[in-house]
Amino acid sequence: MSLSLSRNVLRIDHREAQARQRSAWATGDYAVAGNALQIVSEELCESVNLSQEERVLDVAAGNFHASFAAARRWCDVTAADYASDLTNRSRERAEAAAVGVRFVDAEAEALPFADQTFGAVLSAFGAMFVADQERAASEMIRVCRRGRRLGLANWTPGGFIGQLFATVARHAPQVISGESPFAWGTTERLYQLFGAYGSVYTTTKQVALRARTPMDWVDKLRADYAPVMRVATLLEPAAQKSLRSNLLELVTRFNRAKDSTMLVDAEYLEVVVTRR
């Protein structure tokens, strides 16, 4: 995928891109990168200021971090995602169902809900990866009640995860043109997507990613994290070795641990949109 933030790029076939993304995310284990992110969703729910028994939609729910956080605040939570590997995993589904979360198989660009169904709409590192960004933004706003809030957590292009995807993209055999998902981590793009619908407030934050060693984390990414794993499987052995080396260099550059472990601060943009 192209990581350029310019809008003057070739527009892609969104249906083709959706199918490609569906296949990619279904091949790996999102939890490899996602388990450290529960604290992000907890803070996001506080920023949105959820009310007890409020109807909440978690879009592109992934491993349900935002769903869990909202359910812990006694909200009525629906989780939507299109990747079957994410929405049908038995353990995560059972844990979420135990706290009252309902599941809907749905794309962010075509949410199967009536207008103004939810008092709050959330997405933590999910909606930013949709193929049709404008459509997804309008759909999330559409199902949110007037005067209520949409809360997002998006990786920034210059932060660790943004640079990780840029590193992987340099090794990708095929590059897809289109708006970068990491544009959602810029205030400019957020105003383009949501400014016409209401007030947009953004805050730059960081979340700590930890591992026993940088090498352990990189190898788990290559084995289980879909965006990295899918590219690695398409590469020749020498290119796979180069990708691994480049990822280790990236971790070393961001790592602030004083011992042999990994402690990386991953920058993201927290976004709260209040719908007019």
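Quick caveat, the model's predicted, so the values are computed rather than measured.

So, how was this worked out
Within each chain, residue numbers correspond to sequence positions counted from 1 in written order. At least 70 in pLDDT is required for a residue's local features to be given in this predicted model, at least 80 for side-chain atom pairs to be given and counted, and no such filter applies to totals for whole chains, interfaces and linings, which use all residues. As a rule here, side-chain values come from all non-hydrogen atoms in the structure, and water together with hydrogens is ignored. For each residue, the accessible area found with a 1.4 Å probe, counting protein chains only, is set against the maximum for its type, and the residue is called buried under 20%, exposed over 50%, and partly exposed in between. A run of H or I in DSSP becomes a helix once it reaches four residues, and a run of E becomes a strand once it reaches two; helices and strands are each numbered from the N terminus. Only strands that DSSP links by at least two bridges are regarded as paired with each other. Axes here refer to lines fitted to C-alpha atoms; in helices the fit is confined to the stretch in contact. Angles between the N-to-C directions go from 0 to 180 degrees. Only buried Ala, Val, Leu, Ile, Met, Phe, Trp, Tyr and Cys residues count toward a nonpolar core, and they belong to the same one when joined by side-chain atoms within 4.5 Å. Whether two residues touch is decided by their heavy atoms; if any such pair falls within 4.5 Å, the residues are in contact. Asp, Glu, Lys and Arg are counted as charged, while Ala, Val, Leu, Ile, Met, Phe, Trp, Tyr, Cys and Pro are counted as nonpolar; the rest, among them Gly, fall into the polar class. Pairs of N or O atoms within 3.5 Å make up the polar contacts considered here, provided that, within protein, one atom can donate a hydrogen while the other can accept it, and that residues adjacent in sequence are counted only when both atoms are side-chain atoms. pLDDT gives the predictor's per-residue confidence on a scale running from 0 to 100. Note on disulfides: each one is a pair of cysteine sulfur atoms within 2.5 Å. Each C-beta atom gives one direction from the helix axis, and the arc is the one those directions make.

Asker: Describe the pairing of strand β1 (residues 55–59), with residues and values.
Answerer: In regular strands, side chains alternate between the two faces of the sheet. Of all five residues that make up β1, four are buried, and the element is covered over most of its length. Bridge count between β1 and strand β4 (residues 118–124): three bridges; the pairing is parallel. Residue aspartate 58 lies in a different strand from β4, and its bridge partner there is leucine 122.

Asker: Could you give an account of the sheet that holds strand β5 (residues 144–155), with specific residues and numbers?
Answerer: The seven strands are arranged β3-β2-β1-β4-β5-β7-β6 in an open sheet whose pairing can be described as mixed. What marks the edges here is a single partner per strand, and that holds for β3 (102–105) and β6 (198–211). Going from strand to strand, the sheet's axes swing by 20° on average, the running direction of each strand aside. Bridge count between β5 and strand β7 (residues 262–275): seven bridges; the pairing is antiparallel.

Asker: Go over the nonpolar core, please, and point to the residues and values.
Answerer: One finds Met140, Trp155, Phe160, Leu164, Trp184, Phe194 and Trp217 to be the most contacted residues of the largest nonpolar core, which totals 63 residues. Examining the composition of this core, we find that seven residues originate from one element, β7, more than from any other. By size, the runner-up hydrophobic cluster in this structure holds 19 residues, among which are Val56, Phe64, Ala70 and Ala96.

Asker: Please set out the packing of helix α7 (residues 133–142) against helix α9 (residues 187–194) residue by residue, giving values where relevant.
Answerer: Viewed as axis vectors pointing N to C, α7 and α9 meet at an angle of 60°, and their least axial separation amounts to 9 Å. Where α7 abuts α9, its residues Gln133, Glu134, Ala137, Met140 and Ile141 lie against Arg189, Leu193 and Phe194. Broken down by class, the residue content of the contact of α7 with α9 amounts to five nonpolar, one polar and two charged.

Asker: Describe the side chain of glutamate 270, and please don't skip the residues or the numbers.
Answerer: Among the structural elements, glutamate 270 can be located in strand β7. A polar side-chain atom of glutamate 270 sits 2.7 Å from a polar atom in the side chain of serine 47. At a separation of 3.1 Å, a polar atom in the side chain of glutamate 270 contacts the side chain of lysine 205. Contacts of glutamate 270, omitting those with residues within four sequence positions, involve Glu43, Leu44, Ser47, Leu152, Tyr201, Thr202, Thr203 and Lys205.

Asker: How would you explain the confidence of the model for the protein chain if you had to name every residue and give the values?
Answerer: When the pLDDT values of the protein chain are averaged, the result is 85; 81% of them are 70 or greater. The low-confidence segment residues 1–14 (pLDDT under 50) makes 42 contacts with residues lying over four places distant or belonging to another chain.

Asker: Give a description of the state of the cysteines that names residues and reports values.
Answerer: If you walk through the whole model with that rule in mind, you get zero disulfides. With no disulfide partner, cysteine 45 has as its closest neighbouring cysteine sulfur the one in cysteine 75, 7.0 Å distant. Judged by its relative accessible area of 10%, cysteine 75 falls in the buried class.

Asker: I'd like a rundown of α9, residues and numbers included.
Answerer: Listed in full, the buried residues belonging to α9 are Arg189, Leu190, Leu193 and Phe194. Here the buried residues of α9 occupy an arc of 110° about the axis, which is enough to place them on one side. For α9, the secondary structure elements touched by its buried residues are α7, β5, β6 and β7.

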